[in-house]
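# Breakdown of the fold
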Amino acid sequence: RRKASISAAFSKPAPQRETQVQAYVAWINSHLRKRDGVRLLEDMQSDMSDGITLVNLVEIVSSDTISGIFRKPSNIAERKSNVELVIAFMTTKRIRMHQTSAKDVVEGNLKCIMRLVLSLAAHYKPNTMVAGGVAQLSGSDAPLPA
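What counts, and where the lines are drawn
Residues numbered from 1 in each chain as written. Predicted model: local features only at pLDDT ≥ 70, side-chain atom pairs only at ≥ 80, totals over all residues. Heavy atoms only, no water. Axes fitted to C-alpha atoms, helices over the stretch in contact; angles between N-to-C directions. Helix = DSSP H or I, 4+ residues; strand = E, 2+ residues; numbered from the N terminus. Parallel < 35°, antiparallel > 145°, perpendicular 65-115°, else oblique. Left-handed = near helix turned anticlockwise from the far one by under 90°. Contact = heavy atoms within 4.5 Å. Core = buried A, V, L, I, M, F, W, Y, C linked by side-chain atoms within 4.5 Å. Buried < 20%, exposed > 50% of the residue type's maximum accessible area, 1.4 Å probe, protein only. Polar contact = N/O pair within 3.5 Å; in protein donor to acceptor, adjacent residues only side chain to side chain.

Attention shifts here to the packing of helix 4 (residues 52–62) against helix 5 (residues 76–92). Put simply, helix 4 and helix 5 touch, their axes get as near as 9 Å, and they point 25° apart. Considered as vectors, helix 4 and helix 5 are oriented roughly parallel to each other. Considering the relative orientation of helix 4 and helix 5, their crossing is left-handed. Facing helix 4, whose interface residues are Ile52, Leu54, Val55, Val58 and Ser62, helix 5 presents Asn82, Val83, Val86 and Phe89.

Written out as structure tokens, the structure reads:
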């Protein structure tokens, strides 16, 4: 099986890259819909920056709870703390991640956010993987071609 590549997504022309990002958003939202009261992702860079969407996603796909989360972060330190707790949780679960820092996520580094999501998908939902990243889903876990 070919390993998915985030770098490949960023080397593609803008329309293909946008399709790739839309596939990630669709995959994330397909999981977020499983929890009542959770806001769906619209913009991956800004909506992930407080860590709450990321926490919800991790808790849903892992069926675990992350403690110590600021559910309504009011400043950058609380947002960063949320993301650090997610990264620490992923580390304890031995989820292989490329070098990603809380700062990258809080600052909206799209490539790092996509890597984090890809790591989650590869660990918890490997059947939703395709060559270029996570599959765009239509209410199921069936992958679409890259």
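Ile28, Met44, Met48, Leu54, Leu57 and Leu120 are the most contacted members of the largest nonpolar core, which has 36 residues in total. Every element with two or more residues in this core is listed here: helix 2 (14–32), helix 4, helix 5, helix 6 (102–106) and helix 7 (110–124). For this core, the element with the most residues is helix 7, which contributes eight residues. Contact partners of Leu54, with chain neighbours within four places excluded, come to Met48, Val83, Val86, Val105, Leu116 and Leu120.

Note on placement: Thr92 falls in helix 5. A polar atom in the side chain of Thr92 sits 2.7 Å from the backbone oxygen of Phe89.

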